[in-house]
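Chain by chain, the residues:
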Amino acid sequence: MTRAGAPIIVVGGGVAGLATALALAPRPVRLLCRANQGSDTASALAQGGIAAAVDRADSSDAHALDTLVAGARHNDAAMVRWLCRQAPAAIGWLEAQGVGFDRDAAGRLQLGREGGHRASRIVHAGGDASGAAITRGLRRRAQHAWHIQWRSDVDVQALRLRGGTVDGVRVLDSRGRRHDMDARAVVLATGGIGALFARTSNPAGANGSGLALAMAAGARLRDIEFVQFHPTALDIAGGHCLPLITEALRGAGARLQDGPGRPLMAGLHPLEDLAPRDVVARRVAQAQRTDGGAWLDARDLDSDWERCFPTVLAACLAHGIDPRRQRIPVTAAAHFHMGGVAVDADGRSSVAGLYAVGEVACNGVHGANRLASNSLLEGVLCGRRVGESLARLPRSTVPAGAHHWVGRGAELPPAESAALRDLLWQAAGPERDAAGLKSALQTCAAWRKDGWQAQLAHCLLTAALQRDRSLGAHYRTDAT
Ligand code: SIN
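Residues numbered from 1 in each chain as written. Predicted model: local features only at pLDDT ≥ 70, side-chain atom pairs only at ≥ 80, totals over all residues. Heavy atoms only, no water.

Thoughts on the site of the ligand
Condition: Being near a molecule or strand, for a residue, means having at least one of its heavy atoms within 4 Å of it. Two N or O atoms form a polar contact when they lie within 3.5 Å of each other; inside protein one atom must be a possible hydrogen donor and the other a possible acceptor, and for residues adjacent in sequence the pair counts only when both atoms belong to side chains. Note that accessible areas follow from Shrake-Rupley with a 1.4 Å probe, and for residues the cover is restricted to the protein chains shown. Each residue is assigned to one of three groups, with Ala, Val, Leu, Ile, Met, Phe, Trp, Tyr, Cys and Pro labelled nonpolar, Asp, Glu, Lys and Arg labelled charged, and all others, Gly among them, labelled polar.
For the ligand, the full set of nearby residues is Gln47, Gly48, Glu114, His230, Leu244, Thr246, Glu247, Arg277, His335, Arg370, Ala372 and Ser373. At 2.7 Å from an oxygen atom of the ligand is found a side-chain nitrogen or oxygen belonging to His230. Here an oxygen atom of the ligand sits 2.6 Å away from a polar atom, N or O, in the main chain of Ser373. For the ligand, whose accessible area on its own is 260 Å², the fraction buried by protein is 95%. Classifying every residue of the shell around the ligand by side-chain character gives 2 nonpolar, 6 polar and 4 charged.

Rendered as structure tokens:
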């Protein structure tokens, strides 16, 4: 195949990558995933559903306002308006792709409520298994789409630049063999950075590998200090990638308590247990330090656990906790990266030929703190938008001349990786201050030559130090 006829390469098999690949039809697409067809993605683990103002009493303006308030108005307002207006149509599109959303006996969509939403507007599929159901539906479509060629179990290690334009990737397969592939354009849909922190709700693969590639190519990054911490992951001693305990449980009436059983959120925020995530996450972290831990009491819920919360039920039972009879120990955990590769509304980065979509990208829609259940929505809508816009890319213009490769470089050795995760958790977790950030920066500077994870962490710590005021999920205890 000539480079002019090369496929568009999409890296990542989560919802954003799948939606991009599907929308690119009829252009040839090569979809590259690390694990078996994207089965280890954060999308597949997502328990919250999709926020959409589908109720007659609700409106996309109200959804947009909640998004802006959660984002501390650091959002791109035009992107927010677009996302919220398109949300009901996204539900229709997903249904047309074969995703079955939960409905009541009269056939109406069942609407749940999560933190920061002033209305019940969360649509679920399979209860708290929404991400898995949506990913499965889109994957099935993509598997049958003739324009998409899958390549699983490969890790993209480098990008090829020719005349300042990305026109290829270098991958390593599971047997350690290297392959170079031509690309008409490359779309990163590689997810977030939660796994760089000691406690996360993300899978191990969400370690910022795509962000590091974009950095190596010289792409502009944006808002990289904004990391959302979820207040309720299952608190497993010594655990790193922890099962999420969905906020929908609090939407259904479960309550946070400290060790002795006192309500954790009483009097702290008008929305109490459903206050924005950063507020709840900080309170949970504090209770873990001083109040005998943080616990979620879901024993009085009158929901059907098997139907509404099968994922939480299974995760708790697997760790010897029956949430119908026992309180659930919870911890704050890195959950979502609002920052990322700076892109425009069509996913274009500052480097020609390089695009980004979903959590690895930052188009400004989430501001300083993402509203609950807006991420699968963004993955679907922005994925489709990026795919549709790339499908219009002329086929014939390819850069000429010599090329060079830019790669992430060496991986940090396992012991240093673990130390880096602790360092980021302590210094750049739910609470930050200048002294902690400066000291972490010094430690991290010494590790930078050893691996790309330390370089990325250095960038995040620098941005967190420079933003010397609290905003959204970035909370500075020394200058609120
Ligand atoms: C949750 O179910 O609590 C998480 C939902 C989300 O991250 O939007």
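Quick look at the nonpolar core
Test applied: Definition used in this section: a nonpolar core is a set of buried Ala, Val, Leu, Ile, Met, Phe, Trp, Tyr and Cys residues joined via side-chain atoms within 4.5 Å. The buried label applies to any residue whose accessible area, calculated with a 1.4 Å probe on protein chains only, is under 20% of its type's maximum; exposed applies above 50%, and partly exposed to all values in between. Comment: elements are numbered from the N terminus, with helices defined as DSSP H or I runs of at least four residues and strands as E runs of at least two. Residues are treated as being in contact if the distance between any of their heavy atoms lies within 4.5 Å.
Val186, Phe197 and Leu354 are the most contacted members of the largest nonpolar core, which totals 59 residues. Among the elements that make up this core, the one with the highest residue count is helix α14 (residues 452-466) (8 residues). Those residues within four positions of Val186 in sequence are excluded, and the remaining contacts are Ile9, Val11, Leu159, Val166, Gly168, Val169, Gly353, Leu354 and Tyr355. Judged by nonpolar contacts, the second largest core, of 51 residues, contains Val29, Ala90, Ala145 and Val380.

Looking at the side chain of Asp278
Within the secondary structure layout, Asp278 lies in helix α8 (residues 277-290). According to the relative accessible area criterion, Asp278 is buried, its value standing at 13%. Side chain to side chain, Asp278 and Asn369 meet in a polar contact 2.9 Å long. If sequence neighbours within four positions are ignored, Asp278 has contacts with Asn369, Gly472 and Ala473.

Points about α14
Applicable threshold: The span expected for a helix works out to 1.5 Å for each residue beyond the first.
Taking 1.5 Å per residue as the helical rise, α14 with its 15 residues ought to reach 21 Å, and the 21 Å between its terminal C-alpha atoms agrees with that figure. Inspection of α14 places Trp452, Gln453, Ala454, Leu456, Ala457, His458, Leu460, Leu461, Ala463 and Ala464 among the buried residues, and these make up the whole buried set. Looking at the buried positions of α14, the neighbouring elements they touch are α6 (209-216), β12 (227-234), α12 (414-428) and α13 (434-447).

Some words on the pattern of salt bridges
Test applied: Here, a salt bridge means any Lys or Arg side-chain nitrogen found within 4 Å of an Asp or Glu carboxyl oxygen.
Applying the stated criterion across every chain yields a total of 32 salt bridges. Across the salt bridge formed by Arg408 and Asp155, the nearest N and O atoms sit 3.0 Å from each other. One end of the pair, Arg408, is in the loop between β19 (403-407) and α12; the other, Asp155, is in strand β7 (residues 154-162), with 253 residues separating them in the sequence. A salt bridge links Arg160 to Asp182, with the nearest nitrogen and oxygen atoms 2.6 Å apart. Taken as a pair, Arg160 in strand β7 and Asp182 in strand β9 (residues 178-182) lie far apart in primary sequence, 22 residues in all. Look at Arg160 and you get buried, because its relative accessible area is 7%. By relative accessible area, which is 26% here, Asp182 ends up partly exposed. One salt-bridge network, in which partners are shared between bridges, spans Asp58, Asp66, Arg118 and Arg121.

Some words on unusual backbone geometry
A negative phi angle characterises most non-glycine residues, just as the trans form characterises most peptide bonds. The amide bond that connects Ala25 to the next residue, Pro26, takes the cis arrangement and shows omega of 5°. With respect to the helices and strands, Pro26 occurs in the loop between α1 (15-23) and β2 (29-32). Positive phi is not limited to glycine here, since Asp153 has a value of about 60°. With respect to the secondary-structure elements, Asp153 resides in the loop between β6 (148-151) and β7. A positive phi angle, near 65°, is found at Ser373, a position not held by glycine.

Here we look at the packing of helix α4 (residues 77-96) against helix α11 (residues 375-391)
A pair of packed helices can be characterised by two numbers: the angle between their axes and the separation between those axes. Here is the rule we go by: Axis geometry follows a simple rule: fit a line to the C-alpha atoms, using only the stretch in contact for helices, then measure angles between N-to-C directions, giving values from 0 to 180 degrees. Here the word oblique covers every angle except those under 35 degrees (roughly parallel), over 145 (roughly antiparallel) and from 65 to 115 (roughly perpendicular).
Orientation of α4 relative to α11, taken along the N-to-C sense of each, is 95°, at an axis distance of 9 Å. If you check the angle between α4 and α11, you find them roughly perpendicular. Packed against α4, whose contacting residues are Met79, Trp82, Leu83, Gln86, Ala87, Ala90, Trp93 and Leu94, the element α11 presents Leu377, Glu378, Val380, Leu381, Cys382, Arg384 and Arg385 at the interface. In terms of residue class, the contact of α4 with α11 is built from 11 nonpolar, 1 polar and 3 charged.

Topic: α8
Relative to the 20 Å expected for 14 residues at 1.5 Å per residue, α8 spans 20 Å between its end C-alpha atoms, a close match to the ideal helical length. Turning to α8, the residues buried within the fold contact β12, α7 (248-251), β13 (255-258), β14 (294-297) and β15 (328-337).

Brief notes about the sheet that holds strand β11 (residues 221-222)
As a reminder of what qualifies: In short, DSSP must find at least two bridges between two strands for them to pair.
The sheet built from 3 strands is open, its strands ordered β11-β16-β18 with mixed pairing. Only two strands of the sheet have a single partner each, and these edge strands are β11 and β18 (361-362). The sheet contact formed by strand β16 (residues 340-342) and β18 spans 2 bridges and is parallel. Looking at β18, one finds that Ala342 is bridged to Cys362.

Brief notes about the sheet that holds β13
Reading across the sheet, the 4 strands line up as β12-β15-β14-β13 and stay open at both edges, with antiparallel pairing between neighbours. Strands at the two margins of the open sheet, each flanked by one partner only, are β12 and β13. Shown here is a sheet whose adjacent strand axes are inclined to one another by a mean of 45°, direction ignored. Pairing geometry for β13 and β14, over 4 bridges, is antiparallel. Across the sheet, residue Leu256 finds its bridge partner in β14, namely Leu296.

Digging into the packing of α6 against α14
Relative to each other, α6 and α14 sit at 80°, their axes nearing to 10 Å. If you check the angle between α6 and α14, you find them roughly perpendicular. Residues Ser209, Leu211, Ala212 and Met215 of α6 form the contact with α14, whose participating residues are Trp452, Gln455, Leu456 and Cys459. For the contact of α6 with α14, the residue count by class is 6 nonpolar, 2 polar and no charged.

Focus on the environment of Glu306
The topology assignment puts Glu306 in helix α9 (residues 305-308). A sequence separation of 59 residues divides Glu306 from Val365, and the C-alpha atoms of the two residues are 34 Å apart. Here Glu306 is in contact with Leu313 and Arg324, once residues within four sequence places are set aside. Reaching out from Glu306, the side chain makes a polar contact with the side chain of Arg324 at a distance of 3.4 Å.

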